[in-house]
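Chain residues, written in single-letter form:
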Amino acid sequence: SLELFAFNYLTYAENDAYNLPIIYIFAIVFGFIKKVDYRLQRGTYFLNSAYIVFLASIASGIYFLSFDAIVGGYLFMIALLDIIIWAVISYLLVIICKARSNDAYGHSRYAALGFIPFANLWLLFTPSKDDFAPKMAALTSGVTAVVIGLVVSVAGRGFDMAIVNAMDTYATTTISQK
């Protein structure tokens, strides 16, 4: 049944980095499908990465609905929505990784580095291949973009921790009232 699949998926999703296989599968698919011709400089790439991580943190809030979904019999919708969210995150990551690879190497073939832990630093720190890269606004490039990216990353992590604490409190309160 779909609800049993969803419950198993929810149990699987309790693991750290459960989303990586989902991201990798969709990234491979979108990597072959999506062509990216533009470029992203290092600071802009970092800022966009931080925005995507922040988006993923906000999206993790759907698990707050899982308690009611189990009772209401619509847990499958939560699991499906989670997979869709990770597909969208994968799509966005493919775009920025290809754009960064275009800027750093002149082609998008090294975009896969953005999906490999520690190898993504190579993509992040490699300078632009040439000076023909479009210059971005001051807030979206260079050191300013890195600082904003760090703030967005910390805010995303804080939001993620707040969701987990809220879910724990909700579960504890709900269970103790019954």
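One can find the structure itself at the top, above this paragraph.
A short tour of the structure in this document, coming up. The shown structure was predicted, so the numbers you read here are calculated from the model rather than taken from an experiment.

1. Overview of the packing of helix 2 (residues 20-33) against helix 5 (residues 75-105)
Consideration 1: Axis separation between helix 2 and helix 5 bottoms out at 8 Å; the angle between their running directions is 50°. Looking at the two axes, helix 2 sits oblique to helix 5. When you trace helix 2 past helix 5, the crossing you get is right-handed. Residues I22, I23, F26, A27, F30 and G31 of helix 2 touch helix 5, and the partners they reach there are I83, W86, A87, S90, Y91, L93, V94 and K98.

2. Things to note about the pattern of salt bridges
Consideration 1: Scanning the model with the defined rule gives 2 salt bridges in all.
Consideration 2: D37 is the partner of K35 in a salt bridge, and the nearest nitrogen-oxygen pair spans 3.3 Å.

3. Points about the nonpolar core
Consideration 1: Of all hydrophobic cores here, the largest spans 40 residues; its most connected members are Y63 and W86.
Consideration 2: At the level of secondary structure, the elements contributing two or more residues to this core comprise helix 1 (2-12), helix 2, helix 3 (42-59), helix 5, helix 6 (119-125) and helix 7 (142-177).
Consideration 3: It is helix 5 that provides the largest number of residues to this core, a total of 15 residues.

4. Points about unusual backbone geometry
Backbone phi values are negative for most residues with the exception of glycine, while trans is the configuration of most peptide bonds.
Consideration 1: Phi is positive for A17, which is not a glycine, with a value near 60°.
Consideration 2: For A17, a relative accessible area of 45% puts it in the partly exposed group.
Consideration 3: Backbone geometry at F118 places phi at a positive 70°, although glycine is not the residue there.
Consideration 4: When you line up the elements, F118 lands in the loop between helix 5 and helix 6.

5. Side note on the side chain of T126
Consideration 1: Within the secondary structure, T126 is located in the loop between helix 6 and helix 7.
Consideration 2: Polar contacts involving the side chain of T126 include one to the side chain of Y105, which spans 3.0 Å.
Consideration 3: Of the polar contacts made by the side chain of T126, one reaches the backbone oxygen of W122; its length is 2.4 Å.
Consideration 4: Apart from residues lying up to four places away in sequence, T126 is in contact with R42, R100, A104 and Y105.

6. So, a nonpolar patch on the surface
Consideration 1: Residues Y74, M77, L80, L81, I84 and V88 make up a contiguous nonpolar surface patch of roughly 510 Å² in combined accessible area.
Consideration 2: Following the sequence through the fold, M77 ends up in helix 5.

7. Here's the deal with helix 3
Consideration 1: The end-to-end C-alpha separation of helix 3 is 26 Å, in line with the 26 Å expected for 18 residues at 1.5 Å each.
Consideration 2: Every buried residue of helix 3 is listed here: G43, T44, Y45, L47, S49, A50, I52, A56, S57 and A59.

8. A look at the layout of surface pockets
Consideration 1: By volume, the second largest pocket amounts to about 230 Å³.
Consideration 2: Residue assignment for the lining of the second largest pocket shows that the elements contributing at least two residues are helix 2 and helix 5.
Consideration 3: Counting residues per element, the lining of the second largest pocket draws most heavily on helix 2, at 5 residues.
Consideration 4: When grouped by side-chain class, the residues that make up the lining of the second largest pocket number 9 nonpolar, 2 polar and 1 charged.

9. Here we look at the packing of helix 1 against helix 5
Consideration 1: Put simply, helix 1 and helix 5 touch, their axes get as near as 8 Å, and they point 55° apart. It follows from the interaxial angle that helix 1 and helix 5 lie oblique. Judged by the sense of rotation from one axis to the other, the crossing of helix 1 with helix 5 is left-handed. Note on element contacts: helix 5 touches helix 1 through L75, F76, A79, D82, I83 and W86, opposite L2, E3, F5, A6, F7, Y9 and L10.

What counts and what doesn't
- Residues numbered from 1 in each chain as written.
- Predicted model: local features only at pLDDT ≥ 70, side-chain atom pairs only at ≥ 80, totals over all residues.
- Heavy atoms only, no water.
- Axes fitted to C-alpha atoms, helices over the stretch in contact; angles between N-to-C directions.
- Helix = DSSP H or I, 4+ residues; strand = E, 2+ residues; numbered from the N terminus.
- Parallel < 35°, antiparallel > 145°, perpendicular 65-115°, else oblique.
- Left-handed = near helix turned anticlockwise from the far one by under 90°.
- Contact = heavy atoms within 4.5 Å.
- Salt bridge = Lys/Arg side-chain N within 4 Å of Asp/Glu carboxyl O.
- Core = buried A, V, L, I, M, F, W, Y, C linked by side-chain atoms within 4.5 Å.
- Buried < 20%, exposed > 50% of the residue type's maximum accessible area, 1.4 Å probe, protein only.
- Polar contact = N/O pair within 3.5 Å; in protein donor to acceptor, adjacent residues only side chain to side chain.
- Patch = residues over 30% accessible without salt bridge, like charges linked within 9 Å, V, L, I, M, F, W, Y side chains within 5 Å.
- Areas by Shrake-Rupley, 256 points an atom, 1.4 Å probe, with all protein chains shown as cover.
- Expected span 1.5 Å × (residues − 1).
- 1 Å grid on protein atoms, 1.4 Å probe; cavity = no way out; pocket = protein on both sides within 12 Å on 5 of 7 lines; lining within 4 Å.
- Points joined across faces, edges and corners; volume = space filled by probe spheres on them.
- Nonpolar A, V, L, I, M, F, W, Y, C, P; charged D, E, K, R; others polar.

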